[in-house]
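A closer look at the structure
What follows is the residue order along each chain.
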Amino acid sequence: MTQPREHAVVIGGSLMGLLSARILADHFSRVTLIERDRFAETLESRPGLGQARHLHVLWSRGLEIAEQLFPGLEDELRAADVPEVRVPADMLWLTSAGWRRRFASARLLTFSRDLLDWTVRARLAKTQNLRVLAGHEVTGLLADAGAVTGVEVRERGTTGSGEPLTADLVVDATGRSSKTPAWLERLGYPAVRQTLIDPLLGYASRTYAIPSGFDPGWKALYLQADPPHGTRTGALFPQEGGRWIVSLFGVGEDYPPNEDEGFLEFAKSLRSPVLYEAIRDAEPLTSIVSYRRTANLRRHYERMPAWPRRFLVAGDALCAFNPLYGQGMTVAAKSALTLDACLRADGDLDRLARRFHRKVIKNATGPWLVATGEDLRYDTTRGAAAGVRTRILNRYVDRVQSLANVDPRVCDRFIDVLALTAPPQSLFLPEVLWRAATARPRPPTGPDDLVP
Ligand SMILES: Cc1cc2nc3c(=O)[nH]c(=O)nc-3n(C[C@H](O)[C@H](O)[C@H](O)COP(=O)(O)OP(=O)(O)OC[C@H]3O[C@@H](n4cnc5c(N)ncnc54)[C@H](O)[C@@H]3O)c2cc1C
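Basis of the calculations
Think of each chain on its own: its residues are numbered from 1, step by step along the sequence as written. Totals for whole chains, interfaces and linings use all residues, but because this is a predicted model, local features are given only for residues with pLDDT of at least 70 and pairs of side-chain atoms are given and counted only at 80 or more. Think of the side-chain values as coming from all heavy atoms in the structure, minus any hydrogens and water. Note on conventions: DSSP H or I runs of at least 4 residues are helices, E runs of at least 2 residues are strands, and numbering of each starts at the N terminus. We call two residues contacting when some pair of their heavy atoms lies within 4.5 Å. Any residue with a heavy atom lying within 4 Å of a molecule or strand is counted as near it. Pairs of N or O atoms within 3.5 Å make up the polar contacts considered here, provided that, within protein, one atom can donate a hydrogen while the other can accept it, and that residues adjacent in sequence are counted only when both atoms are side-chain atoms. The Shrake-Rupley method, run with a 1.4 Å probe, gives the accessible areas here. Residue values count only the displayed protein chains as cover. Categorising residues by exposure relies on relative accessible area from a 1.4 Å probe, with only protein chains included: less than 20% of the type maximum marks a residue as buried, more than 50% marks it as exposed, and the intermediate range marks it as partly exposed. The directions considered for the arc are those from the helix axis to the C-beta atoms.

- An unreviewed UniProt entry annotates the protein chain as 2-polyprenyl-6-methoxyphenol hydroxylase-like FAD-dependent oxidoreductase of Actinomadura citrea.

1. Quick word on the side chain of H54
- Inspection of the secondary structure puts H54 in the loop between β2 (30-35) and α2 (60-69).
- Beyond its immediate chain neighbours, meaning those up to four positions away, H54 contacts Y203, A204, S205, I245, S247, V289, S290 and Y291.

2. Details of the site of the ligand
- Surveying the vicinity of the ligand reveals 32 residues, the closest of which are S14, E35, V57, D316 and M329.
- A distance of 3.1 Å is found between a nitrogen atom of the ligand and a backbone nitrogen or oxygen belonging to V138.
- Here G328 contributes a backbone N or O atom positioned 3.3 Å from an oxygen atom of the ligand.
- In isolation the ligand exposes 1000 Å². Once the protein is present, 95% of that is buried.
- Residue assignment for the shell around the ligand shows that the elements contributing at least two residues are α1 (15-24), β2, β8 (136-144) and α8 (328-345).

3. Structural notes on α2
- G62, L63, I65, A66 and L69 are the residues of α2 that are buried. Taken end-on, α2 shows its buried residues confined to a sector of 160°, consistent with a single buried face.
- Buried residues along α2 sit in contact with α1, α3 (73-79), β6 (104-109) and α8.

See below:
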């Protein structure tokens, strides 16, 4: 059955919301994107995107999709002076199994998160049938006879339940703090089941000016912890504007401090001094900011016994990952394509939610296993313990990881999984399995020994 596709509403103006709005504009006569923050004319941080002040890596699959939805986006980012980092050719990468040789494998454009959203938003603003309602927040859902029929929306800073805004489809893209569980309960739906696996990971980040003439033969650093005892990771990546973003991470409540001396001490305590030595005398451009809402969180909407028709939940609001592995934005981009495919495949909006949620969760399973599998290496992780299966898998991943340090083909396959261009199961293909079973990897001993 084909129903009217007059008006769609997207709640949340971060990446999932922006990409959803882009897709829906192809399928509905009008789209309204509601974001509680006000968007500034210039490139600046906003409160609803606090994570933007921390390292954000968009893997190649995510960028490919963004380019598909906004042709020319990559050129625009390059024109904004965004550096390119070949992974790991341009990096010093200390894995839990030792240093990784600097093979050429993937390419990353290392823009700040604010620049990415700003560029996408500017492109989206040119969409004729899109209205952006910034500075407004959604306070609840309107529903009738088992279907969502719109939202209640009010201007930020005002009180009350808000004005009704009717729609043929509503998408919640409000991130981890999504109120959908409470909104559904208010409509009489059962409590939403959720899985929370919390590594108690904290970030602290700061940007620095890249010292003039700095040329040590690498562009980026990634110094990983060695679980289960080592808890500290550090990363340094170049960004537009000739600066570095430095993020420090600690698992199991080993949170990096957000004052100068403690931040540097934490950097010094990483498994290699190279990051500390780079920033010790560099000029900080910002204060140090912290972030701790990093748990893996899955809301099991696909398993709800009853669900209101014409209502979807997407992005971090549906499934959020420990961000250390850089997967959330690429999963969001893939979900936008899933939304497009679902809308093209079936004209019946009443059937859309089940199909969409199932497909998105299926796509998120690989990233979920990657993130939680790593987090469960730590006894301090809350919400679950590593079972026999996870421990065996992790032992195999350790083997592949150390092989990837010295074998360019295994390195490619490993990065394909991280970059979400291949599922984790691809690490069990004969090419990798055979090498893992027979090779005796000998990781390089130090950063001077990394060029293949
Ligand atoms: C510290 C950190 C580092 C990260 N690093 C990476 C990385 O390296 N690579 C990567 O791929 N991903 C990373 N992520 C994940 C990434 O930020 C998210 O996956 C991505 O932003 C998509 O999320 P989203 O759009 O679903 O939700 P969010 O980004 O959380 O955005 C939700 C939006 O909804 C708005 N909103 C909330 N409630 C309302 C309401 N009631 N009405 C209107 N608007 C509302 C908010 O203001 C916000 O703009 C990181 C996350 C964190 C926290």
